Amino acid sequence: MMSIRQRREIKATEVSEDFPAQEENVKLENKLPSGCTSRRLWKILSLTIGGTIALCIGLLTSVYLATLHENDLWFSNIKEVEREISFRTECGLYYSYYKQMLQAPTLVQGFHGLIYDNKTESMKTINLLQRMNIYQEVFLSILYRVLPIQKYLEPVYFYIYTLFGLQAIYVTALYVTSWLLSGTWLSGLLAAFWYVTNRIDTTRVEFTIPLRENWALPFFAIQIAAITYFLRPNLQPLSKRLTLLAIFISTFLFSLTWQFNQFMMLMQALVLFTLDSLDMLPAVKATWLYGIQITSLLLVCILQFFNSMILGSLLISFNLSVLIARKLQKNLKTGSFLNRLGKLLLHLFMVLCLTLFLNNIIKKILNLKSDEHIFKFLKAKFGLGATRDFDANLYLCEEAFGLLPFNTFGRLSDTLLFYAYIFVLSITVIVALVVAFHNLSDSTNQQSMGKMEKGTVDLKPETAYNLIHTILFGFLALSTMRMKYLWTSHMCVFASFGLCSPEIWELLLKSVHLYNPKRICIMRYSVPILILLYLCYKFWPGMMDELSELREFYDPDTVELMNWINSNTPRKAVFAGSMQLLAGVKLCTGRTLTNHPHYEDSSLRERTRAIYQIYAKRAPEEVHALLRSFGTDYVILEDSICYERRHRRGCRLRDLLDIANGHMMDGPGENDPDLKPADHPRFCEEIKRNLPPYMAHFTRVFQNKTFHVYKLSRNK
């Protein structure tokens, strides 16, 4: 399949005046002349410098990632078909709709083709705007048509440059969040440096460009920055309204661009619920945020032609349950410690029961089964029962859905990020526990919000939010490796904030009896500067070597296959095969597919299981009947799947099919006692022997080292 090889014959040739001035905000502040004017000038200068650095570091990160992508693939030199093949698996499927919109004679015809699509799933007409999150491709295709750039910029470059441009916004948002939390832009600079030096664990945009998370995470980062600012006390009415608008827009765009938005926002809702229950943020602000989440999802639901998976999401059920339970329990935040703890547990139980009740009612009314594979996967993953379900096992056996590898922490430790993160996390967790205990014990102050008498521990609402956020997303990343990008980027923010926070250093110095305002100032600036110098010294040479390493895209077998399909098959031909390969077939050839990698539909999952019988132990006439039931004209067999060695026994695709079919697996090893030997040999192996039972139904029309294409006979 696709690989990267060395190239041949390469010749050398603070953002607004609302930003806080924390105590001892700047090291040089004591040297400034007194007076309101000079302080204001210094504040404006600091904001200007910090804002300029934020924009510059964002743009530099974008250029850096774009250069890596070019150097890895020699993207500017390879053929168009090779560029398209480089968009692997579902990435190619999403990009194909951008290409489809551009190739449509008019925008109206382009929209009609997406709403009434009969090429993505054979013998079915589906609404792609309802089924998939592809409004971003639609928007970009419209922009490309409207803007006068066709003569200067190819469509594919307009697409990938947009994605790399979003990375600039992403890094800038992380920078601003850290700046808001600490009060100094130095922490934002450190967060951005950590993001870049830990690139392997913070982003994968350079090799999975069209992936939905690469569209969504920049808006998620903007939302977190806006929430961080919104949770500050004493906001001016105009600032509050503008911040709520920013939260709504970023939440809406995040929801519109990623099908897993509801699960990420459910984690956010759990953060808000925890903090609200412990009096660590105002209930009114939590209500605003719950409302924004529900409104954003409902608006996306309308744009996606009332997608039932959104209406049946746990997030909507949970947020409604929280608001209902709060109305039913009036005096939740009064009484003694034990009394309040009992009320809190009752409140938690009521919210949980209401959530499950509402969610089940909605799903029964809508007859919703689109997300059942996710819950089967979670049930099996956390040991709540073994399963032979093909879909659940397909996820369980993928490395991306496994536990976070231990070597991740080694890489994060090399940049000192993990050590700094644990240091800051430990201190803030202790502070949060003290504040939570104080709030639950204080029956006279129903909304203390962490504001205590002078000399006691303090935890600001925006800090508390980011603390619980990083903990919950940390658990998510530890359990599912694919979700680590949500945690590691925020890890950069949280660690850099803590090292530049006067409150953290004040608490630490007081605990060792070394407290002094000047020492706080020295520590909060010297430590980050030393880490920045260390990062530059250790990683700058490697980054320069990385930028100078020139490689080339190389996948001749797939290129040969796509060229053959374009030249030797009818435009209306229907192809069956693996989900990953068929996404590329649609992008490169425009042929009709039987199945594809967008797996969030129950009927598609059943269809995929049926198509995958080509790798199971089934009779040729059975396989032929299954394929023809979906209108298949050609089937593509891949040796890399038929003779797979990447996964261990029990996780190979052929093993998953054998188990689901009740057959014993190949090779040495144990089988469950109820599994039986199959009556037929494995189809993908036996068909290559050209035996009469197979030749009666299948004719080989193409073959290379990787792929075998067979044409199906039309006789019954």
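Thresholds, definitions, all that
Residues numbered from 1 in each chain as written. Predicted model: local features only at pLDDT ≥ 70, side-chain atom pairs only at ≥ 80, totals over all residues. Heavy atoms only, no water. UniProt positions renumbered as here; feature names shortened; annotations may be inferred. Helix = DSSP H or I, 4+ residues; strand = E, 2+ residues; numbered from the N terminus. Rg over C-alpha atoms; globule rule 2.2 N^0.38 Å. Buried < 20%, exposed > 50% of the residue type's maximum accessible area, 1.4 Å probe, protein only. Lys, Arg positive; Asp, Glu negative; His and termini not counted. Charge placed at Lys NZ, Arg CZ, Asp CG, Glu CD. 1 Å grid on protein atoms, 1.4 Å probe; cavity = no way out; pocket = protein on both sides within 12 Å on 5 of 7 lines; lining within 4 Å. Points joined across faces, edges and corners; volume = space filled by probe spheres on them. Nonpolar A, V, L, I, M, F, W, Y, C, P; charged D, E, K, R; others polar. pLDDT = per-residue confidence, 0-100. Contact = heavy atoms within 4.5 Å. Domains from an automatic or database assignment. Buried area = accessible area lost by both parts, 1.4 Å probe. Salt bridge = Lys/Arg side-chain N within 4 Å of Asp/Glu carboxyl O. Pairing = 2+ DSSP bridges. Disulfide = S-S within 2.5 Å. Phe/Tyr/Trp six-rings, centres within 6.5 Å; stacked < 30°, edge-to-face > 60°. Lys NZ or Arg CZ within 6 Å of the ring centre and 35° of its normal. Axes fitted to C-alpha atoms, helices over the stretch in contact; angles between N-to-C directions. Left-handed = near helix turned anticlockwise from the far one by under 90°. Polar contact = N/O pair within 3.5 Å; in protein donor to acceptor, adjacent residues only side chain to side chain.

An unreviewed UniProt entry lists the chain under the name Dpy-19 like C-mannosyltransferase 3, with Aotus nancymaae as the source organism. According to UniProt, the comment filed for the chain under the heading Subcellular location (unreviewed entry) is "Membrane". The chain has a UniProt comment under Sequence similarities (unreviewed entry) that states "Belongs to the dpy-19 family."

Would you mind going over the overall build of the chain in detail, with residue names and values included?
Each helix and strand in the chain was counted, giving 32 helices and 7 strands. Here the chain has a C-alpha radius of gyration of 28 Å; the compact-globule value for 716 residues is 27 Å, and the two agree. Taking the principal axes of the C-alpha coordinates as reference, the chain spans close to 95 × 70 × 55 Å. By the burial criterion, 56% of the 716 residues in the chain qualify as buried. One finds the centroid of the 75 positive side-chain charges in the chain at a distance of 4 Å from the centroid of its 60 negative side-chain charges.

Would you mind going over empty space enclosed by the protein in detail, with residue names and values included?
Within this model, the largest cavity holds a volume of roughly 90 Å³. As for the largest cavity, its lining consists of Y170, L174, T177, L217, F220, A221, I224, H469, L486, S489, H490 and V493. Looking at the lining of the largest cavity residue by residue, the class counts come to 8 nonpolar, 4 polar and no charged.

Lay out the confidence of the model for the chain in plain terms, naming residues and giving numbers.
On average, residues of the chain carry a pLDDT of 89, and 92% of them reach 70 or more. When the criterion is pLDDT under 50, residues 444-455 qualifies, and its contacts beyond four places in sequence or with other chains add up to 25 contacts.

Can you break down the domain arrangement of the chain residue by residue, with the values?
Domain annotation for the chain reports domain 1 (162-443 + 458-548) and domain 2 (556-712). Centre-to-centre separation of domain 1 and domain 2, based on C-alpha positions: 41 Å. Listed by partner, the interface residues are 15 residues for domain 1 and 21 residues for domain 2. For the pair domain 1 and domain 2, the two sides together bury roughly 1600 Å², of which 57% comes from carbon and sulfur. Of all residues in domain 1, R388, F390 and C397 give up the largest surface area on contact with domain 2, accounting jointly for 46% of the area buried on that side. With a shortest N-O distance of 3.7 Å, R646 and E398 are connected by a salt bridge.

Please give an account of the pattern of salt bridges that cites residues and values.
The final tally for this structure, using the stated rule, is 31 salt bridges. For the salt bridge of D201 with R411, the shortest nitrogen-to-oxygen distance reads 2.7 Å. Remark: R411 occurs in helix 19 (residues 407-414) and D201 occurs in helix 9 (residues 199-202); sequence separation between them is 210 residues. Between R340 and D279 there is a salt bridge whose closest N-O contact spans 3.0 Å. You can see R340 sitting in helix 16 (residues 337-366) and its partner D279 sitting in the loop between helix 12 (261-277) and helix 13 (283-303), a full 61 residues away along the chain.

Summarise the sheet that holds strand 3 (residues 574-576); cite the residues concerned and give the values.
With mixed pairing, 5 strands are arranged side by side in an open sheet as 4-3-5-7-6. Of all strands in the sheet, those bounded by a partner on one side alone are strand 4 (592-593) and strand 6 (698-703). Taken together, the 2 bridges between strand 3 and strand 4 define a ladder with parallel strand orientation. Its bridge partner lying in strand 4, F575 is registered against L593.

Which residues make up the state of the cysteines, and what values do they have?
Applying the stated rule across the entire model yields 2 disulfides. Between the sulfur of C397 and that of C651 lies a disulfide, 2.0 Å long from S to S. Judged by the torsion about the S-S bond (-75°), the C397/C651 disulfide is left-handed. In this pair, C397 is assigned in the loop between helix 18 (390-396) and helix 19 and C651 in the loop between helix 29 (639-642) and helix 30 (653-660), connecting sequence segments 254 residues apart. For the residue pair C397 and C651, the accessibility class agrees, reading buried in each case.

Outline the packing of aromatic side chains, listing residues and values.
Taken as a whole and judged by the stated rule, the model has 33 aromatic pairs. A ring pair is formed by Y421 and F494, whose centres lie 6.2 Å apart and whose planes are at 65°; its orientation type is edge-to-face. Of this pair, Y421 sits in helix 20 (residues 417-441) while F494 is found in helix 22 (residues 484-499), placing the two residues 73 residues apart along the sequence. This pair shows no difference in class: Y421 is buried, exactly as F494 is. Among the aromatic residues, those joined into a ring-pair cluster are F75, F87, Y95, Y98, Y157, Y159, Y161 and W215. One cation-aromatic arrangement involves R83 over F75; the distance from NZ or CZ to the ring centre is 5.4 Å. Lying across the ring of F230, K285 places its NZ or CZ 5.2 Å from the centre.

Break down the packing of helix 21 (residues 461-479) against helix 22 for me, citing the residues and quoting the values.
Running from N to C, helix 21 and helix 22 point in directions that differ by 145°, and their axes come no closer than 9 Å. Viewed along their axes, helix 21 and helix 22 form a crossing whose handedness is left-handed. The segment helix 21 lies against helix 22, with T463, N466, L467, H469, T470, F473, G474, L476 and A477 engaging K484, L486, W487, H490, F494 and F497. When the residues that make up the contact of helix 21 with helix 22 are grouped by side-chain class, the tally is 8 nonpolar, 6 polar and 1 charged.

Which residues make up the side chain of H647, and what values go with them?
Relative to the helices and strands, H647 resides in the loop between helix 29 and helix 30. A relative accessible area of 13% places H647 in the buried class. Within the local environment of H647, its side chain forms a polar contact with the backbone oxygen of C397, the two atoms lying 3.2 Å apart. Non-local contacts of H647, meaning those with residues more than four positions away in its chain, are made with C397, E398 and R652.

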